[in-house]
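Survey of secondary and tertiary structure
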Amino acid sequence: MKPNHNIRRKIIRKSVSIFCLFFMFLFVQGMLWMQKDVTSVWNQEETVSGEKGQAEDQTSVNTDGDKVAYLTFDDGPSKLTQEYLAVLRKEQVTATFFLIGQQIDGDLIPVVKQAKEEGHEIGVHTYSHNASVIYASQESYIDDLLKTRDCIQEKCQITPQLFRFPWGSANAYVQGFRDGVIEAMKKEGMEYADWNVSGEDSVGCPTPETIAANVRKDFKKYDNPVILLHDSATCDATLQALPEIIEEIKQEGYCFATLSRRQETCHFGEY
């Protein structure tokens, strides 16, 4: 009986050894599998993190290239200026107003202040808009500009940074001394501004439809269109056209800003 007992003990020991070896094999394989799985998870997390970082980088783009439209209004303030401000307020856009000095008086003084308070820019246009007076000489036009600037400062406590030549910087009246005016005004801390899109709303008797069509045909040519319109008491067609103009510009992916925020001030012959 004893030999049989010894044999059984040997068989049991051998079976236990085999079982332990098998268990160790399974344990090692399990650890290797877990290591591979963890590595895979890490790699996936790094990939996702990288993709997320890339997406975040793509959304944090340089906004210098954004499409920005610059609405500008010459010849104000007028009895319609309050209504222009109401439209701009409703549409949540800002604009730049180039003013005629002799019109800044009485009830229109607080209107100019309101425009500034609502985020619009105030620029100098002319004091009288009388070509034979303002363009009589270089000195007379510089005097006209400074008189208008001083009027805006004294009456509205606003210091303009921009001025606009009546009929633009390429008009025939000023060609003989334009550069002298520009240099003199630079010394006064002021830059001139032209436009590259016009509503043609001061020519003839335009309708709201023709004004909107004039803007529509040109503004998409530029990433940063400077749009010439007029705040004139004698014609409310521009006021009627303004909501449609703004809506069409927005639909094309543009936002709006005041002209001093443009990267380069708009000059004829540039862009």
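In this report, the structure presented in the accompanying data block is examined. (Residues numbered from 1 in each chain as written. Predicted model: local features only at pLDDT ≥ 70, side-chain atom pairs only at ≥ 80, totals over all residues. Heavy atoms only, no water.)

**As for the overall build of the protein chain**
Worth spelling out the cut-off: Elements are defined by DSSP. Helices are runs of H or I of four residues or more, strands are runs of E of two residues or more, and each kind is numbered from the N terminus. Type-normalised accessible area, obtained with a 1.4 Å probe on protein chains alone, sets the label of each residue: buried when under 20%, exposed when over 50%, and partly exposed for intermediate values. Note on contacts: a residue pair qualifies if any of its non-hydrogen atoms lie within 4.5 Å across the two residues. Residue exposure ignores everything except the shown protein chains as possible cover, and the areas themselves are Shrake-Rupley values with a 1.4 Å probe.
From N to C terminus, the protein chain includes eight helices and eight strands. Burial status across the protein chain gives 41% buried among its 271 residues. A fraction of 79% describes how many contacts in the protein chain between residues 6 or more apart in sequence connect residues 24 or more apart. Just so you have it, the protein chain exposes about 15600 Å², and 53% of that area is on carbon and sulfur atoms.

**Comments concerning empty space enclosed by the protein**
Keep this limit in mind: Think of a 1 Å grid over the protein atoms and nothing else: a 1.4 Å probe that fits but is trapped marks a cavity, an open set flanked by protein within 12 Å on at least five of seven lines marks a pocket, and residues with an atom within 4 Å of a point count as lining. Grid points are joined across faces, edges and corners, and a volume is the space filled by probe spheres set on the points. All residues other than Ala, Val, Leu, Ile, Met, Phe, Trp, Tyr, Cys, Pro, Asp, Glu, Lys and Arg, Gly among them, are scored as polar; the first ten of these are nonpolar and the last four charged.
Per the counting criterion, the structure on display carries one cavity of 30 Å³ or more. Volume-wise, the largest cavity comes out at about 30 Å³. Lining the largest cavity, in full, are Ala 212, Val 215, Arg 216, Phe 219, Glu 244, Ile 245, Glu 248 and Ile 249. For the lining of the largest cavity, the residue count by class is five nonpolar, no polar and three charged.

**A word on the pairing of strand 7 (residues 226-230)**
To keep things clear, this is the line we draw: Only when DSSP finds a minimum of two bridges between them are two strands counted as paired. Whether a crossover is right-handed comes down to one check: with the strands pointing away from the viewer, does the path from the first strand over the helix to the second run clockwise; if it does, it is right-handed.
Counting buried positions along strand 7 gives five out of five residues, so the element sits mostly inside the fold. Residue alternation in strand 7 divides its side chains into two sets, Val 226, Leu 228 and His 230 and Ile 227 and Leu 229, and both sets are buried. Bridge analysis of strand 1 (residues 68-76) against strand 7 gives five bridges, and the strand direction is parallel. The partner of Leu 71 across the bridge, within strand 7, is Ile 227. In this fold, strand 6 (residues 197-198) hands off to helix 7 (residues 208-219), which returns the chain to strand 7; that crossover is right-handed.

**Observations regarding the packing of aromatic side chains**
Just so we agree on the cut-off: Here the aromatic set is Phe, Tyr and Trp, taking the six-membered ring for Trp, and pairing holds for ring centres within 6.5 Å; pairs whose planes are under 30 degrees apart are stacked, those over 60 apart are edge-to-face, and all others are tilted.
Inspection of every chain in the model, using the stated rule, returns twelve aromatic pairs. Ring centres of Tyr 135 and Trp 167 lie 6.3 Å apart, and the angle between their planes is 50°; on these two criteria the pair is classed as tilted. With Tyr 135 in the loop between helix 4 (131-134) and helix 5 (138-156) and Trp 167 in the loop between strand 4 (162-163) and helix 6 (178-187), this residue pair connects regions lying 32 residues apart in the sequence. Taking relative accessible area as the criterion, Trp 167 reaches 43% and is therefore assigned partly exposed.

**Focus on the state of the cysteines**
Here is the rule: Working definition: a disulfide is two cysteine sulfur atoms within 2.5 Å of each other.
If you walk through the whole model with that rule in mind, you get zero disulfides. Free of any disulfide, Cys 156 has its nearest neighbouring cysteine sulfur in Cys 151, separated by 6.8 Å.

**A closer look at helix 3 (residues 108-117)**
Here helix 3 has its buried residues at Ile 109, Val 111, Val 112, Gln 114 and Ala 115. Following helix 3 by one or two positions, Gly 119 adopts a phi angle in the positive range, close to 95°.

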